[in-house]
Amino acid sequence: MSNLDRNSESERTLAAEYVLGLLDPPAHAEAERRLAHDPHFAREVEQWRTRFAPLDETADIVSPDARLWSRIENGIATPPAARDSEPGMLARFWNSLGALRAASVAGALAALLLAVVSIGSLQYARQEAIRKPIYVAVLVSDPSKEPGAVVNAFADGRVEMIPLTEINVPEGRALEIWTLWDRQVGPRSVGLLQRARATQLNLENLPRTGENQLFEITLEPATGSPTGRPTGPVLFKGTTSRTL
Amino acid sequence: MQAPGKKSLDGEAGCIQSARLPGKGSESKDFSGQRPKFDREPFSRIKTAPMNPRDPAQDAQLSAALARCAGGERAALRVIYDLEASRMIGVALRIVRRRDLAEEAVHDAFMRVWRSARSFDPARGEARNWLYAIVRNRALTILRDENRFLSTDDDDKPDIPDLCAEDAVARLPEASALRRCLEKLDMRRRTAVVLAYVHGLSHGEIAGKLAVPLGTAKSWTRRGLISLQECMG
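Computed from a predicted model, the values in this text were never measured in an experiment.

Another aspect to go through is helix α4 (residues 66-77) of chain A. The set of residues buried in α4 of chain A consists of Arg71, Ile72 and Gly75 of chain A. Each buried residue of α4 of chain A lies within a common arc of 100° when the element is viewed along its axis, so the set occupies one face. Opposite the packed face of α4 of chain A, turned more than 90 degrees from it, sit the exposed residues Ala66 and Ala77 of chain A. In this structure, the buried residues of α4 of chain A make contact with α5 (74-96) and α6 (99-116) of chain B.

Residues and elements named next belong to chain B. The phi torsion at Arg97 lies on the positive side, around 65°, for a residue other than glycine. Positive phi, close to 55°, is recorded for Ala211, a residue that is not glycine. Take Ala211: it is sitting in the loop between α11 (203-210) and α12 (214-232). In this structure Ala211 comes out as partly exposed when scored by C-beta crowding, with 14 C-beta atoms within 10 Å.

With that out of the way, let us pick up the confidence of the model for chain A. All names here are of chain A. Across chain A, pLDDT averages 79, with 75% of residues at or above 70. Ranking the helices and strands of chain A by mean pLDDT puts helix α3 (residues 39-56) first, with 96, and helix α5 (residues 94-104) last, with 49. pLDDT under 50 marks residues 79-96. Its contacts with residues more than four places away, or in other chains, come to 50 contacts.

All names here are of chain B. The contact between helix α10 (residues 187-199) and α11 brings their axes to 10 Å, and the two run at 135°. As the angle between them shows, α10 and α11 are arranged oblique. The two elements α10 and α11 cross, and the hand of that crossing is right-handed. Side by side, α10 and α11 meet where Arg188, Thr191, Ala192, Leu195 and Ala196 of the first sit next to Ile206, Lys209 and Leu210 of the second.

Okay, the environment of Ala76 of chain B next. Residue and element names in this part refer to chain B. Tracing the backbone shows Ala76 in helix α5. For Ala76, a count of 20 C-beta atoms within 10 Å gives the class buried. For the pair Ala76 and Leu66, spaced ten residues apart in the sequence, the C-alpha separation amounts to 7.0 Å. Contacts of Ala76, omitting those with residues within four sequence positions, involve Ala65, Arg68 and Cys69.

Let us look at the pairing of strand β7 (residues 214-221) of chain A. All names here are of chain A. Pairing of strand β4 (residues 173-180) with β7, which is carried by eight bridges, proceeds in the antiparallel orientation. Across the sheet, residue Thr179 finds its bridge partner in β7, namely Phe215. Relative to strand β8 (residues 234-242), β7 runs antiparallel, the two being bridged by five bridges. Looking at the pairing, Leu214 lines up with Thr239 of β8.

This paragraph deals with the sheet that holds β8 of chain A. Residue and element names in this part refer to chain A. Pairing is antiparallel in the open sheet, where eight strands are placed in the order β5-β4-β7-β8-β1-β2-β3-β6. Pairing within the sheet leaves two strands with one partner each, and these edge strands are β5 (188-193) and β6 (199-201). Between one strand axis and the next, the sheet turns by 25° as a mean value, whatever way the strands run.

Moving on: the nonpolar core. Soluble globular proteins tend to pack their nonpolar side chains together in the buried interior. Ranked by internal contacts, the top residues of the largest apolar core, which has 41 residues, are Ala92, Val96, Ala105, Val106, Val113 and Val135 of chain B. Of all the secondary structure elements, the ones that give two or more residues to this core are α4 (56-70), α5, α6 and α7 (127-150) of chain B. A total of twelve residues in this core trace back to one element, the largest contributor, which is α5 of chain B. Sequence-distant contacts of Val135 of chain B, defined by excluding residues within four places in its chain, comprise Met88, Val91, Ala92, Ala105, Val106 and Ala109 of chain B. Formed by 35 residues, the second largest nonpolar core is a distinct cluster that contains Tyr18, Leu22 and Leu55 of chain A together with Leu210 of chain B.

With that out of the way, let us pick up α6 of chain B. The terminal C-alpha atoms of α6 of chain B lie 25 Å apart, and with 18 residues this matches the ideal 26 Å at 1.5 Å per residue to within 8%. Counting buried residues in α6 of chain B gives 13 out of 18 residues, a clear majority hidden from the surface.

Now for the pairing of strand β3 (residues 159-163) of chain A. All names here are of chain A. For β3, the tally of buried residues reaches five of five residues, placing the bulk of the element in the interior. Residues Val159, Met161 and Pro163 point to one face of β3 and Glu160 and Ile162 to the other, with burial holding for every one of them. In the sheet, strand β2 (residues 147-154) pairs with β3 via five bridges, with the strands oriented antiparallel. Bridging across to β3, Ala153 finds its partner in Val159. Direction of pairing for β3 relative to β6: antiparallel, over a ladder of three bridges. Looking at the pairing, Glu160 lines up with Gln200 of β6.

What counts, and where the lines are drawn
- Residues numbered from 1 in each chain as written.
- Chains lettered and ligands numbered in written order.
- Predicted model: local features only at pLDDT ≥ 70, side-chain atom pairs only at ≥ 80, totals over all residues.
- Buried ≥ 20, exposed ≤ 12 C-beta atoms within 10 Å, placed from the backbone.
- Helix = DSSP H or I, 4+ residues; strand = E, 2+ residues; numbered from the N terminus.
- Arc of directions from axis to C-beta.
- Contact = placed C-beta atoms within 7 Å.
- pLDDT = per-residue confidence, 0-100.
- Axes fitted to C-alpha atoms, helices over the stretch in contact; angles between N-to-C directions.
- Parallel < 35°, antiparallel > 145°, perpendicular 65-115°, else oblique.
- Left-handed = near helix turned anticlockwise from the far one by under 90°.
- Pairing = 2+ DSSP bridges.
- Core = buried A, V, L, I, M, F, W, Y, C linked by C-beta atoms within 7 Å.
- Expected span 1.5 Å × (residues − 1).

Dropping the structure here:
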């Protein structure tokens, strides 16, 4: 087998592994970049998608819940600031979630906060600096003080929210995430979710996240607060602390 | 405590377990000679719909709808939804394995389609391929996020119960080149490739499922893909 053949074979396998979803997050991101700029690679990817497409047809037909379309419709009517984040970014923070969750069961808020920060920083110390959040906020339930979510803010401006518990969202309602960095300006919506799940928060148009910045999750109508300010009950809230 | 999935996995002899057997015989044995019966649906609430062969006219329709989405026409997104959402949920459900998460994946996919419709270029590929790649990507992201949540306590770890590669293969039309070529593969390679595509398994999960080291799972998958490409051209 010539080098050329070997190259085209490894290119083809790479395209196939990308299509299957087998690449690790950095390789996946690299493949995605090439897909946009490398016509040869894009052709390989398209060929693999076509080869595997008949398997999609073997999936069952599952009628969507009647609310699905209205959620989508609301989503495309909402201004970008309140929309869900771009996919793919969270993959890079997988490694942190285990430690955070382990910490979450610890109980008391002080202990928990300390544990999150220390376990977090122990683990992160071994990784690239980019993966280490500079601020962490543990959002706790107002009455019970039980932790409900963690917010991590990274040096490059990205902020993620990771729920630590199931949150019951009644029909027609949604979880809205807010942040307050300046009482003069008031709280700003940074995310809207139909159910508790890890998500990237949308803080791109806001000043950089800092110490003691308040984050809270409220229960709002499915399309988000009609007033642009929190209207529903506060489920969880907490402020950021600087990591070690 | 026994995970609920464990029980059905034991009953899966024709499926995962035979793929795990190390015997030389299974290496080259043609799958059609020992096809297991599939009397159990993975998701019993959901009815299997008849096969819907790919139709070039429908792809043109999707492609046109995407062009209208790029122009900001919301009704065009609804056209795509009406044509594909129910199949998309089926595709996502095989990956995330929970109805609510499957709908979440499809929801996210439609948001993505709406925002990136402009980047779809019909000269570079089929509309359906583009749409389903987005759905699978969203489902995989949700699956990996969910798995990561559960990965601290081993008790919590999802068992990935009763995932069956042969089920999906058996549903392919007899005449399909993909089916013919998959059936030519050594069963373990076929299982690796199909579980990755259909159920979104990672190399590590494939290794666990087939009870082989990670490197072996990777090389089986790769060789399976190379043979598949040679067979399908």
